[in-house]
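Reading the structure
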Amino acid sequence: MITSVQIVTAETLDPQTLAGFLDRMYPPLKAGFLNQYGEWWHGSNANRLVALVDGQVAGYCAVIPVRVRVAGQVHNALWWVDLVIAPEFRGRGLQTLFDERVRQMSSLLLGFPNELAAKIHRKHGWGVRDDLPIVLCPLRPLQVKSVRGAVGQQKWLRLAGAFLLAPIASLWRAWCLSFQVSGVWKLENFNGETLATIFLANSDSQVNTTWRDAEYFNWRYGRSPGLAGHEFFCYGSSSAPTHALILRHICEPGGARYSRILDVIGDMSNRTALDALICRAVQASIYYGSGQITLLAATPGLLDASRHYGFLFSAPVGFCWLSDDLVIMNALAGQNYWSLADSDNDAPD
């Protein structure tokens, strides 16, 4: 019989106890990342919640603090991520306890729900939409994640498709590398002030998005354990760049390589700048040896530019939000710009 249920923070728990639970609940790459870097990822271990049933770890979730601009105003918010309940404790109301605790932590909650979570959120009054396209460019089709990780009949179907696409992709890589991209230069040393200046001077104040000041960039990238794997490209003059693109390269155990465009900053109506930055990112990913490059193409300009440079495949991504403020709820149903740098989109998968 259950005699005690508590929601505590990771600050109060033995790290090895939590690590053992996460190792059981998540794939090795993600569990290892959370165990090693969770305090940075979530801003503090106070933002990592643990459900204890009679002293035993039964569930886990976390939030990522963020400042967002919504309806032209900057608000504090939380991305709610990684809710998991151990199988033997499911159906006992622990998710409701987590929900109540998280709602007490902020007046604005945000998330990227899967299909099941989206249905649950709708029932509980959240705003939910699924119109954000994540797009993929198969630089080397046989090394695309969905091909490498396929099993059974799907494996052979995807391998056959990748074999057919591989010669075309080879020609396309050569074609793409032949472009001389003008106006783009690389920020050799990370500088959060430079990136923040670009955002503050060139972003559309009517678009809901993450508030990218220097504090944000210094946390998200400057203190990132994976900073060495990032490339920062700017567009415009060196004294007053108007756009920036942040690219991350990943080499997984076993040698598989992938790239992600984590963020694009600047005027999203400037197609010339977007084309140049996307092309440069694709070229850098080809040189790195990536099998694929992905982008959350959350604006029409980004989507058009990505299609032009080989991002052939897409899938919808859900977004959800909850606030007691009707102005915020209505605004987030409008024009938003989120990226792979937001929430836990860039976590190991």
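Now for a look at the structure at hand.

What counts and how
Residues numbered from 1 in each chain as written. Predicted model: local features only at pLDDT ≥ 70, side-chain atom pairs only at ≥ 80, totals over all residues. Heavy atoms only, no water. Helix = DSSP H or I, 4+ residues; strand = E, 2+ residues; numbered from the N terminus. Rg over C-alpha atoms; globule rule 2.2 N^0.38 Å. Contact = heavy atoms within 4.5 Å. Salt bridge = Lys/Arg side-chain N within 4 Å of Asp/Glu carboxyl O. Buried < 20%, exposed > 50% of the residue type's maximum accessible area, 1.4 Å probe, protein only. Core = buried A, V, L, I, M, F, W, Y, C linked by side-chain atoms within 4.5 Å. Pairing = 2+ DSSP bridges. Right-handed = clockwise from strand over helix to strand, strands pointing away. 1 Å grid on protein atoms, 1.4 Å probe; cavity = no way out; pocket = protein on both sides within 12 Å on 5 of 7 lines; lining within 4 Å. Points joined across faces, edges and corners; volume = space filled by probe spheres on them. Nonpolar A, V, L, I, M, F, W, Y, C, P; charged D, E, K, R; others polar.

1. Describing the overall build of the chain
- Scanning the chain for helices and strands turns up 11 helices and 14 strands.
- Taken over the C-alpha trace, the chain has a radius of gyration of 21 Å; the compact-globule value for 349 residues is 20 Å, and the two agree within 12%.
- Referenced to the eigenvectors of the C-alpha coordinate spread, the extents of the chain come out at roughly 70 × 50 × 35 Å.
- Taking as baseline every contact in the chain between residues at least 6 positions apart, the subset at least 24 positions apart corresponds to 71%.

2. Some thoughts on the pattern of salt bridges
- Across all of its chains, the model carries 12 salt bridges by this definition.
- Residue Asp263 pairs with Arg212 through a salt bridge whose shortest N-O separation is 2.8 Å. Highlighted residues: Asp263 in strand β11 (residues 257-265) and Arg212 in the loop between β8 (208-210) and α8 (214-222), separated in sequence by 51 residues.
- We note a salt bridge from Arg248 to Asp346, for which the minimum N-O separation is 3.1 Å. Within this pair, whereas Arg248 is found in strand β10 (residues 241-251), its partner Asp346 is found in the segment after β14 (336-337), the two being separated by 98 residues in sequence. The pair Arg248 / Asp346 is uniform in exposure class, with both members buried.

3. Thoughts on the nonpolar core
- Counting 113 residues, the largest nonpolar core has Leu110, Ile261 and Ile278 as the members making the most contacts within it.
- Not counting residues within four places of it along the chain, the set of residues in contact with Ile261 comprises Leu245, Ile246, Leu247, Ile278, Ala281, Ile293, Thr294, Leu295, Phe311 and Leu340.
- Judged by nonpolar contacts, the second largest core, of 5 residues, contains Val144, Val147, Leu159 and Ala162.

4. Looking at the pairing of strand β12 (residues 293-296)
- Every second residue of β12 is oriented toward a common face, with Ile293 and Leu295 on one face and Thr294 and Leu296 on the other, all of them buried.
- Pairing of strand β6 (residues 127-137) with β12, which is carried by 4 bridges, proceeds in the antiparallel orientation. When the bridges of β12 are listed, Ile134 appears paired with Leu296.
- In the sheet, β11 pairs with β12 via 3 bridges, with the strands oriented parallel. Paired with Ser259 across the two strands is Ile293, which belongs to β12.
- Traced from β11 through helix α9 (residues 271-288) to β12, the parallel crossover comes out right-handed.

5. Thoughts on the side chain of Ser306
- Within the secondary structure layout, Ser306 lies in helix α10 (residues 300-308).
- Take Ser306: its relative accessible area is 0%, and that puts it in the buried class.
- Excluding anything up to four places from it in sequence, Ser306 contacts Val135, Ile278, Leu295, Ala297 and Phe311.

6. Section: empty space enclosed by the protein
- Scanning all chains against the criterion turns up 1 cavity of 30 Å³ or more.
- A volume near 40 Å³ is recorded for the largest cavity.
- Ile64, Pro65, Val66, Trp79, Thr210, Tyr216, Trp219, Ala341, Asp342 and Ser343 together form the lining of the largest cavity.
- Broken down by secondary-structure element, the contributors of at least two residues to the lining of the largest cavity are β3 (56-70) and α8.
- Of the residues assigned to the lining of the largest cavity, the class counts are 7 nonpolar, 2 polar and 1 charged.

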